[in-house]
Amino acid sequence: MSIQPILLIHGGAGFITDARVPGKLEGMKKALRSAIDHLVPPNAKENGNALDAVEAAVRAMECDENFNAGYGSCLNLDGKAEVEASIMEGEKLRAGCVTLLRDILHPISVARYVMQKTPHTFLGGPAAQKFALVHGFEQMADGSLVTDDARRALQEFKDRQAKGLDTLFARTELDAQQNKDSVGESGSTVGAVAIDAKGNIAVATSTGGITGKLTGRIGDTPLLGCGTYADNHVGGVSTTGHGETIMRFNLAQKILAKIQYENKSAQQATMEACKEMTERLTGTGGAITIDAKGNIGIYWTSLRMAYAYIKGSKLVYGINHGEEFDEKL
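Note that the structure is predicted; figures quoted are calculated from it, not measured.

Notes on helix α4 (residues 125-134)
Looking only at α4, the buried set comprises G125, A128, Q129, F131 and A132. Down the axis of α4, the smallest arc covering the buried residues is 160°, so these residues share one side. Opposite the buried face of α4, by more than 90 degrees, sit the exposed residues P126, K130 and V134. Buried residues belonging to α4 abut β3 (95-102), α3 (107-117) and β4 (122-124).

Have a look at this one:
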């Protein structure tokens, strides 16, 4: 049975202020337009590829400072950007995961190299850094991924910490119009899920983590079943939000289990799992899902989640519950 190809992405869930909304939406549109030809080639004789599409979409967002991935990543307590990513394809359940990379713009592509060039699934720290350099990834100058917003966010985190204020849910979204006495929600990972005409599903997720994290902290993004999972028989999920919460709840697998064992729709499964996670653990987050039949699910418990998708000739996008827009490609 032929499936209508879909490319669905998110630009993070969390305390996204009004000032950051336009950049998020525009960045997602650009990412989709740069990646859709991989899924639906202009030449009808060529076959689309879900894995190429999700990598391309995430690479585009890793270059955009409106997102917490690659350039624009959050900083750890030492003022460094330690990035991580994972990618997975649903036919043979192959996956690649990397963590604690420094000054590497595209961790998602390093993750794909781990999947395709090694017998392993996960590399981290200095070994992952060495692997990236050996395979031709550029070691950028120290601090090249750091933006002024990221520096401001870290300073705010340290100021709150010094005052003894709550920093459990350190924000990853910060701009000049934000109320600096408020506590934000964590999140803002980027991700993509795609299904191609053959029914192959692929998922890619990339992040800079959370502001003020300890050096060496690893979040949910590179963990299969938490931040990323793909299985052609069930579906694919990419998550975003408070990493410690998502990994403890195993959010991606919880969503897919509802589809597989409870016969829930992609939307129902995504909504129920996200709500159950926040009810149980307080931390917020969201997810995007495509099931094996090509149905989508989008939900979040954070203040906002940026999402967008292309299906057929329409590009659909949103960032607030109950508010969605579309335009022609």
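Still to come is the rest of the account.
Some details on the pattern of salt bridges
In the structure shown here, the tally under the stated rule is 18 salt bridges. With a shortest N-O distance of 3.2 Å, E327 and K29 are connected by a salt bridge. Taken together, the positions of E327 in strand β13 (residues 323-328) and K29 in helix α1 (residues 21-39) put the pair 298 residues apart, joining distant regions of the chain. Through salt bridges with shared partners, a single network forms among K258, E262, K264, E272 and E276.

Examining the sheet that holds strand β8 (residues 235-241)
Whenever strands of a sheet pair, they do so through backbone hydrogen bonds, lying parallel or antiparallel. Here 4 strands make up an open sheet; going across it, the order is β7-β8-β9-β10 and the pairing antiparallel. Among the strands making up the open sheet, the edge pair consists of β7 (228-231) and β10 (296-300). The average angle at which neighbouring strand axes cross in this sheet is 10°, direction not considered. With 7 bridges joining them, β8 and strand β9 (residues 285-291) adopt antiparallel strand pairing. Counted as the bridge partner of S238 is I288 from β9.

Notes on the confidence of the model for the protein
On average, residues of the protein score 92 in pLDDT, and 92% of them reach the 70 mark or higher. The model gives residues 176-187 a pLDDT under 50, and that stretch makes 47 contacts with residues more than four places away or in other chains.

With respect to the sheet that holds strand β11 (residues 304-311)
Taking strand neighbours across the sheet as the criterion, the 9 strands line up as β4-β3-β2-β6-β5-β1-β11-β12-β13 in an open arrangement whose pairing is mixed. Strands with a single pairing partner mark the edges of an open sheet, and in this sheet they are β4 and β13. Within this sheet the neighbouring strands show an average axis-to-axis angle of 10°, counted without direction. Bridge count for strand β2 (residues 82-89) against strand β6 (residues 201-207) is 6 bridges, and the pairing is antiparallel. Residue pairing in the sheet places E84 in a bridge with T207 of β6.

Description of the packing of aromatic side chains
With the rule as written, the count across this model stands at 3 aromatic pairs. Considering the side-chain rings of Y113 and F137, the 5.1 Å spacing of their centres and the 80° angle between planes classify their relative orientation as edge-to-face. Pair noted here: Y113 is in helix α3 and F137 is in the loop between α4 and α5 (148-162), with a separation of 24 residues, a long-range link. K254 extends its terminal NZ or CZ atom over the ring of F249, reaching a point 4.4 Å from the ring centre.

Brief notes about the pairing of β2
The element β2 is largely enclosed, with a buried count of 8 among its 8 residues. Residues E82, E84, S86 and M88 point to one face of β2 and V83, A85, I87 and E89 to the other, with burial holding for every one of them. Connecting the antiparallel pair β2 and β3 is a turn made up of 5 residues, with L93 showing a positive phi of about 60°.

A look at the side chain of H10
Position of H10 among the secondary structure elements: in strand β1 (residues 6-14). We classify H10 as buried; its relative accessible area is 0%. A polar contact is formed between the side chain of H10 and the side chain of S238, at a distance of 3.0 Å. Those residues in contact with H10 that lie beyond four places of it in its chain are M28, M61, T189, V190, G191, S238, T239, T240, I288, A306 and Y307.

A look at α5
Residue pairs spaced three or four apart in an α-helix point in one direction, given the helix's 3.6 residues per turn. Its 15 residues give α5 an end-to-end C-alpha distance of 21 Å, which sits within 8% of 21 Å, the value for a rise of 1.5 Å per residue. Buried residues of α5: A150, A153, L154, E156, F157 and R160, and no others. End-on, the buried residues of α5 take up no more than an arc of 160°, which puts them together on one face. Every exposed residue of α5 that faces more than 90 degrees away from the buried side is listed here: D148 and A162. Remark: G164 follows α5 within two positions and exhibits a positive phi of approximately 75°.

Considering the environment of G23
In this structure, G23 sits in helix α1. Since its relative accessible area comes to 17%, G23 is described here as buried. Ignoring anything within four residues of it in the chain, the contact list for G23 reads N66 and F67.

How each quantity is defined
Residues numbered from 1 in each chain as written. Predicted model: local features only at pLDDT ≥ 70, side-chain atom pairs only at ≥ 80, totals over all residues. Heavy atoms only, no water. Buried < 20%, exposed > 50% of the residue type's maximum accessible area, 1.4 Å probe, protein only. Helix = DSSP H or I, 4+ residues; strand = E, 2+ residues; numbered from the N terminus. Arc of directions from axis to C-beta. Contact = heavy atoms within 4.5 Å. Salt bridge = Lys/Arg side-chain N within 4 Å of Asp/Glu carboxyl O. Pairing = 2+ DSSP bridges. Axes fitted to C-alpha atoms, helices over the stretch in contact; angles between N-to-C directions. pLDDT = per-residue confidence, 0-100. Phe/Tyr/Trp six-rings, centres within 6.5 Å; stacked < 30°, edge-to-face > 60°. Lys NZ or Arg CZ within 6 Å of the ring centre and 35° of its normal. Polar contact = N/O pair within 3.5 Å; in protein donor to acceptor, adjacent residues only side chain to side chain. Expected span 1.5 Å × (residues − 1).

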